[in-house]
Amino acid sequence: MTVARIGGRYDRHVVTLTGAVREYLQYLVVERGLAANTVESYERDLRRYAEHLAKRGRAQLGDVGTADVAAFAAALRTGDADHPPLAVSSAGRAVVAVRGLHAFALAQGLCADDPACAVTPPVPPKRLPKAISVPDVERLLDAAGSTSSGEPRELRDRALLEFLYGTGARISEATGLNVADLDLTADPSVLLSGKGGKQRFVPVGSYAVRALQAYLVRGRPALAAGRRPTNAVFLNARGGRLTRQGAWGVLGEAADRSGISGASPHTLRHSFATHLLDGGADIRVVQELLGHASVTTTQVYTLVTVDKLREVYAAAHPRALASETSGKR
């Protein structure tokens, strides 16, 4: 790299961009110990960055400004004559590589400032949570089993899915549940231990209560018979605590039998929240029930209900429908 020292510091006007990239990649290998594939991806992104800057007449590191970095970030998404547009994830990786390069150069004294610090990677669009309709939930629950069944695993499966939908619990919260956490008396509730060890009380609806009672009376004792005692509510076939993978399997089998594709334990949690909001529940109440630290996390469910409102409006309002006679008098 062409570098000159002036008074013990680098002259930023004679540090070439390609030289800085070369030193940065070496740093990633030697100091950071990044995997070869990761370094290759960074090298590819930074090569494209150098080509972009060359077209703007920027060959020296000190010539690069924030506008140059921002223009590169925009070009990643729009593409150009030599490159197709990149997906958000790929564009984000390239911007991270550029930010890393300039942060490294500043830390090494190769430049006087960091023109990339104000340019943030593109944010992927929020994926709306997938909720299924109330009739589909009922089909799914029925496919899991009946509360009048004499089969212990069937009683367990129905209780598990009724519990997930009736409380909005995370799958880890359900599999981590102990018998002492359940209160199925006059005012049924459950103590859930969520992320970060935070605990919350959640009411348990009548359908889930009946399924849990049937399981605890007739199903769980049969699964636990002759096994080492455990406090877990949901047991596997060997009498131990049901794992997250086991719970996924329970729902997957019910989904297959009911013909509902793409269902997951989190689908029931999403449906719990969406159906509450559709029914008029206050978003702050739903936030507490879900155990979200911020209401911002819960607000994504309002987008789902807005989509439903749009569908209903488009289908029902006379001035929202496209008419074959539109424009005719």
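Residues numbered from 1 in each chain as written. Predicted model: local features only at pLDDT ≥ 70, side-chain atom pairs only at ≥ 80, totals over all residues. Heavy atoms only, no water.

Within the largest apolar cluster, 51 residues are counted, with the highest numbers of intra-cluster contacts made by L160, L161, F163 and F234. Excluding residues that lie within four positions of it along the chain, F163 makes contacts with G168, A169, A174, L177, L182, V190, L192, A208, L212 and F234. (Core = buried A, V, L, I, M, F, W, Y, C linked by side-chain atoms within 4.5 Å. Buried < 20%, exposed > 50% of the residue type's maximum accessible area, 1.4 Å probe, protein only. Contact = heavy atoms within 4.5 Å.)

Below, the discussion takes up the pairing of strand β4 (residues 189-193). With four of its five residues buried, β4 lies for the most part within the structure. Sheet analysis places strand β3 (residues 182-183) next to β4, joined by two bridges and oriented antiparallel. In the strand pairing of β4, D183 is matched with S189. In sequence, β3 turns back onto β4 through a hairpin of five residues. As judged from the five bridges shared by β4 and strand β5 (residues 199-203), these two strands associate in the antiparallel manner. Along β5, the bridge assignment pairs S189 with P203. (Helix = DSSP H or I, 4+ residues; strand = E, 2+ residues; numbered from the N terminus. Pairing = 2+ DSSP bridges.)

What follows is about the packing of helix α3 (residues 66-78) against helix α4 (residues 88-107). For any two helices packed against each other, one specifies the inter-axial angle together with the distance between the axes. Look at α3 against α4: their axes get within 9 Å of each other, and the N-to-C directions meet at 160°. It follows that α3 is roughly antiparallel to α4 by the angle criterion. For the pair α3 and α4, the crossing hand works out as right-handed. Residue-level contacts link V69, F72, A73, L76 and R77 of α3 to V88, A91, A94, V95, V98 and H102 of α4. Taken together, the residues of the contact of α3 with α4 break down into nine nonpolar, one polar and one charged. (Axes fitted to C-alpha atoms, helices over the stretch in contact; angles between N-to-C directions. Parallel < 35°, antiparallel > 145°, perpendicular 65-115°, else oblique. Left-handed = near helix turned anticlockwise from the far one by under 90°. Nonpolar A, V, L, I, M, F, W, Y, C, P; charged D, E, K, R; others polar.)

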